[in-house]
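In case you want the letters, here they are:
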Amino acid sequence: MKKTVTVVGGGTIGLSVARALAGRGSTVTVVDPCPGSGASWVAGGMIAPYSEAWPGEEELYRLGVESLGLWEGFARDLQPFADGPLITSRGTVHLAVDDGDAADLETIAAAVGEPALFGPLRPSAAARAVPGAAPRIRAAAHAPQEIAVDNRLVHGALLAACRAAGVTFQEESVRSGDVDDLPGDAVILCAGADSAALAPELEVRPVKGEVVRLRRGPTCLPPPEVTVRARVRGRQVYVVPRADGVVVGATQYENDHDLGVRIGPVVELLDDAFTVLPFLREYEFAEVTAGLRPTTAGNVPVIAPLRGRLFAATGHGRNGLLLAPVTGARAADMVLQQEVQAWS
Ligand code: GLY
């Protein structure tokens, strides 16, 4: 059952797959010119299947809930390889500014169907959970079992854990014509937004997102202790706590492979964050980064055989961090042929 496997792509998904395969005795090589420099670096780190629930996305929801269930063990195993705590907060609070935003929270609650997992929160409870939130909140909800992780620490820990498990790295680019010549019993494409360029049968397109990092200054209120997600007049914004500040995300639009930061959408994003958490205006600007979410038509990732010894684990869209543990496990099953079912 042990195999020699080449993993194309050293982001969070590629490394989760590599580590799962190496943990089951396979000889694994990861090929990536700069591991972790893509969407894994930009992500907010929300492990949030309930908050992402939406009618029509039931398959993605089930996969996300399964992966959230794996995250505590995944983080515990990776923690010894990390430079700091991987889990940065527990619980998500949603704030809605107008009636349309409040209706969206009801839609999510109906999609989840279990108030203990995603349910309404009284304004007084929301104010206690998020000190400094604006008073003009129309409605609130919470998802107490969700967590957030530091995406960059997770990637660093995965790299160290892979190396400790004997995974080797080739810091090289793979071109489309090269895929069939890569060595190994199996080649698995985990190349994020570049996946379709390597295997045209993969209908994975880039959906751009810009994310801002703010640092707490010496006189500022502390970051929230929970992830705060808000709907501000129909637009979504999230504020994810970090040890030294917050991550504010994210814009979302189709824009091919362009990684330039557009100032208009970023200003709107910050304006929405300040509408619900006015004290963030006092934070220091640290960074703005753009990434490309590898997105499929149905928003469900492709974890499937493609042809011959070629497999794919890609197309994780907004949910790469969330789906890393379940993708590693399922991709290893698939490649090692311990399960006959293919997921797509
Ligand atoms: N994971 C949230 C986003 O893609 O913006």
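Owing to the predicted nature of the structure, the values given are computational and were not obtained by experimental measurement. (Residues numbered from 1 in each chain as written. Predicted model: local features only at pLDDT ≥ 70, side-chain atom pairs only at ≥ 80, totals over all residues. Heavy atoms only, no water.)

Caption draft 1: Up close: the environment of Leu221. Positionally, Leu221 belongs in the loop between strand E9 (205-215) and strand E10 (227-232). The partly exposed category is assigned to Leu221, whose relative accessible area is 44%. Sequence separation of Leu221 and Glu282 is 61 residues, and the distance between their C-alpha atoms is 8.6 Å. (Helix = DSSP H or I, 4+ residues; strand = E, 2+ residues; numbered from the N terminus. Buried < 20%, exposed > 50% of the residue type's maximum accessible area, 1.4 Å probe, protein only.)

Caption draft 2: Representation of the nonpolar core. In terms of nonpolar packing, the biggest core is built from 58 residues, with Val7, Val17, Trp71 and Ile188 touching the most fellow members. The leading source of residues in this core is helix H9 (residues 320-336), at 10 residues. (Core = buried A, V, L, I, M, F, W, Y, C linked by side-chain atoms within 4.5 Å.)

Caption draft 3: Representation of helix H3 (residues 58-78) within the structure. Between its first and last C-alpha atoms H3 spans 29 Å; for 21 residues at 1.5 Å apiece the expected length is 30 Å, and the two agree. Roughly 40 degrees is the biggest bend found in H3, and it falls at Leu70. Those residues of H3 that fall on the buried side of the exposure criterion are Leu60, Tyr61, Leu63, Gly64, Ser67, Leu68, Trp71, Phe74, Ala75 and Leu78. (Expected span 1.5 Å × (residues − 1). Bend = angle between axes of the 7 residues up to and from the residue.)

Caption draft 4: Examining the environment of Phe81 more closely. Here Phe81 is to be found in the loop between H3 and strand E4 (87-96). Linking Phe81 and Leu153, residues 72 residues apart in sequence, is a C-alpha distance of 9.2 Å.

Caption draft 5: Spatial organisation of the pattern of salt bridges. Going through the model one piece at a time under the given rule, you end up with 18 salt bridges. In this structure, Arg318 engages Glu52 in a salt bridge whose closest nitrogen and oxygen atoms are separated by 3.0 Å. One end of the pair, Arg318, is in the loop between strand E16 (310-314) and H9; the other, Glu52, is in the loop between strand E3 (46-47) and H3, and 266 residues separate them in sequence. Between Arg231 and Asp104 there is a salt bridge whose closest N-O contact spans 3.1 Å. With Arg231 in strand E10 and Asp104 in helix H4 (residues 99-112), this residue pair connects regions lying 127 residues apart in the sequence. By relative accessible area, Arg231 is classed as buried at 7%. Beyond isolated ion pairs, a larger network of salt bridges with shared partners links Glu52, Arg229 and Arg318. (Salt bridge = Lys/Arg side-chain N within 4 Å of Asp/Glu carboxyl O.)

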